[in-house]
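Reading the structure
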Amino acid sequence: MKIRISQLVDSLQPDDIFLEEKPFNRTAAVKGEVYRRICWQAAEQPVKKRRTLGRLPLAAAIALICLATTAAAAVTVHLHPAILDYFGVGQGQERLVEPGADSPVCSVTKNGVTISVLQTVADSYGVYVFYEVTVPEEITLPGWVTWDNYDIEPTRASDAFFCSQNQEILEISDYHMVGAVTLFSASKQVEKGPITVSFRDLGYYDENWDFVPLAQGQWNLTWTLHTIQPCTTSHPNQMVQTGNGPATINTIAISSISFNLISDGAKLSEEPISLQFADGSTLPVDMTSAEGTLGSVVSHMTDVETERYTCQVSNLFDNAIDPAQVTAVVIGETVLPFPG
């Protein structure tokens, strides 16, 4: 089950659609409504249950084992069922995601709670980390369990000016859950190298939006990111007209799992943006009409007098696509051939 805080808050405040959309700064009324909708989703939507991998031995001290598969190994990565479901990958479509997948062996146990990395999926501008959590029998996980705080720091991307993070809980049972954390950046590309994911305090938010911890502590996992799916990139350097004036599209990068655009000039905010495919179909990827994506628009003013902005439009596709079938990117009324 996917519970995306971004989508819930979007239904309340359409102007706020960001990858990092944890509504801690909302009014009490909005917070209460988000909490109610989270609980409703958890109660009304069936929670997937799958065979667990078994509990690791409990340890009073932190047990940290982080190894990684090597890129040189000629072994096909078999995607975890939760990942196939996450990207909407059907039988025979695994090739769309497998080029960016890796299966590190990395786990940490603290205070009876074990977190293990299942797999990673990465492209040039973002990293998904899929993980599972097992808890002792004295802890029962509610359907709206979450982390009080988390962080993901891969090579270079975490130092980017434009950087967004997101977390999702995908599957929950009483003593086990599967989740995903994502880091997404378009101003610096992800590189192979060390990656660290940190989680702090597992619990849930009550009706007053106060955090109720079920297990306290910090869990840090570190391993080496070996596999990255390259994006297909174009640099059109073409001007388009927006509602705020002209903007130059500098970079467009597309992989099977994400869309990235960097512009300079007028602020991009309400312009419709979509992908055109060879079969004539289209996929909206802007923040006002995108239905199959989770993403953000981040703007940074570079010149106050002329109101000049550098803008990043980023989207993570709900369903993996074949970037080789993308023939154009349409921004407003301007058609940019892709890859150009």
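A quick note: this is a predicted structure, and the numbers were derived from the prediction, not measured.

1. Observations regarding the side chain of threonine 146
Summarising the element assignment, threonine 146 is placed in strand E6 (residues 146-155). Reaching out from threonine 146, the side chain makes a polar contact with the side chain of glutamine 167 at a distance of 3.1 Å. What threonine 146 contacts, discounting residues up to four positions off in sequence, is Gln167, Asp201, Leu202, Gly203, Tyr204, Tyr205 and Phe211.

2. Some thoughts on the sheet that holds strand E16 (residues 282-284)
Across the sheet, which stays open at both edges, the four strands sit in the order E16-E15-E19-E20 with antiparallel pairing between neighbours. Two strands in the sheet have a free side with no partner beyond their single neighbour: E16 and strand E20 (334-337). Along the sheet, successive strands turn relative to each other by an average axial angle of 25 degrees, direction set aside. Here strand E19 (residues 326-331) runs beside E20; their pairing, made up of four bridges, is antiparallel. The partner of valine 330 across the bridge, within E20, is valine 335.

3. What to know about the packing of aromatic side chains
Within the structure shown, the criterion is met by 12 aromatic pairs. Residues tyrosine 128 and phenylalanine 130 carry aromatic rings whose centres are separated by 6.0 Å and whose planes lie at 10 degrees to one another, so their mutual orientation is stacked. Like tyrosine 128, the residue phenylalanine 130 is buried in the burial classification. An angle of 35 degrees between the planes, with centres 4.7 Å apart, marks the rings of tryptophan 147 and phenylalanine 199 as tilted. You can see tryptophan 147 sitting in strand E6 and its partner phenylalanine 199 sitting in strand E9 (residues 191-205), a full 52 residues away along the chain.

4. A look at the pairing of strand E3 (residues 105-110)
As paired strands, E3 and strand E4 (residues 113-123) are joined by four bridges and run antiparallel to one another. Bridged to lysine 110 within E4 is valine 113.

5. What about the pattern of salt bridges?
For the structure on display, the rule yields three salt bridges. Between aspartate 322 and arginine 95 there is a salt bridge, and its shortest N-O distance comes to 3.7 Å. Highlighted residues: aspartate 322 in the loop between strand E18 (308-317) and E19 and arginine 95 in the loop between helix H3 (81-86) and strand E2 (101-102), separated in sequence by 227 residues. The exposed category is assigned to arginine 95, whose relative accessible area is 53%. Across the pair arginine 200 and aspartate 148 runs a salt bridge, and its minimum N-O distance is 3.9 Å. Residue arginine 200 is located in strand E9, and its partner aspartate 148 is located in strand E6; the two are separated by 52 residues in the primary sequence. The exposure class assigned to aspartate 148 is partly exposed, which follows from its relative accessible area of 22%.

6. Examining the nonpolar core
Ranked by internal contacts, the top residues of the largest apolar core, which has 33 residues, are Ile115, Val129, Tyr131, Trp147, Met177 and Phe199. No other element matches the five residues that strand E10 (residues 211-225) contributes to this core. Beyond its immediate sequence surroundings of up to four residues, isoleucine 115 is in contact with Cys106, Ser107, Val108, Tyr131, Glu132, Val133, Trp147, Phe199, Trp219 and Leu221. Core analysis: the second largest hydrophobic core is formed by 24 residues, Ile254, Phe259, Leu261 and Tyr309 among them.

7. With respect to the confidence of the model for the chain
For the chain, mean pLDDT is 76; residues scoring 70 or higher make up 69% of the total. Ignoring residues within four places in sequence, the model shows residues 1-65, a span with pLDDT below 50, making 140 contacts including any to other chains. Within the model, pLDDT remains below 50 along residues 67-75, and this stretch shows 13 contacts once partners closer than five positions in the same chain are excluded.

8. Things to note about unusual backbone geometry
A cis amide bond links phenylalanine 338 with the next residue in sequence, proline 339, at an omega value of 5 degrees. With respect to the helices and strands, proline 339 occurs in the segment after E20. Of note, the phi angle at tryptophan 209 is positive, near 65 degrees, even though the residue is not glycine. As for its position among the elements, tryptophan 209 is in the loop between E9 and E10. Within the chain, asparagine 237 stands out as a residue other than glycine whose phi angle is a positive 45 degrees. Its place among the elements puts asparagine 237 in the loop between strand E11 (232-234) and strand E12 (238-242). In this structure asparagine 237 comes out as exposed when scored by relative accessible area, which is 52%.

9. Looking at the pairing of strand E8 (residues 176-185)
The element E8 is extensively covered by neighbouring structure, given that 10 of its 10 residues are classed as buried. Side chains His176, Val178, Ala180, Thr182 and Phe184 of E8 all project onto a buried face; the interleaved residues Met177, Gly179, Val181, Leu183 and Ser185 project onto the opposite face, where all are buried too. Pairing between strand E5 (residues 126-134) and E8: nine bridges, direction antiparallel. Bridge assignment links tyrosine 131 to a residue of E8, and that residue is glycine 179.

10. Quick word on the environment of serine 234
For serine 234, the position within the fold is in strand E11. Spatially, the C-alpha atom of serine 234 lies 9.8 Å from that of leucine 261, the residues being 27 residues apart in sequence. With near-sequence residues (within four places) excluded, serine 234 lies in contact with Asn250, Thr251, Ile252, Phe338 and Pro339.

What counts and what doesn't
- Residues numbered from 1 in each chain as written.
- Predicted model: local features only at pLDDT ≥ 70, side-chain atom pairs only at ≥ 80, totals over all residues.
- Heavy atoms only, no water.
- Helix = DSSP H or I, 4+ residues; strand = E, 2+ residues; numbered from the N terminus.
- Polar contact = N/O pair within 3.5 Å; in protein donor to acceptor, adjacent residues only side chain to side chain.
- Contact = heavy atoms within 4.5 Å.
- Pairing = 2+ DSSP bridges.
- Axes fitted to C-alpha atoms, helices over the stretch in contact; angles between N-to-C directions.
- Phe/Tyr/Trp six-rings, centres within 6.5 Å; stacked < 30°, edge-to-face > 60°.
- Buried < 20%, exposed > 50% of the residue type's maximum accessible area, 1.4 Å probe, protein only.
- Salt bridge = Lys/Arg side-chain N within 4 Å of Asp/Glu carboxyl O.
- Core = buried A, V, L, I, M, F, W, Y, C linked by side-chain atoms within 4.5 Å.
- pLDDT = per-residue confidence, 0-100.

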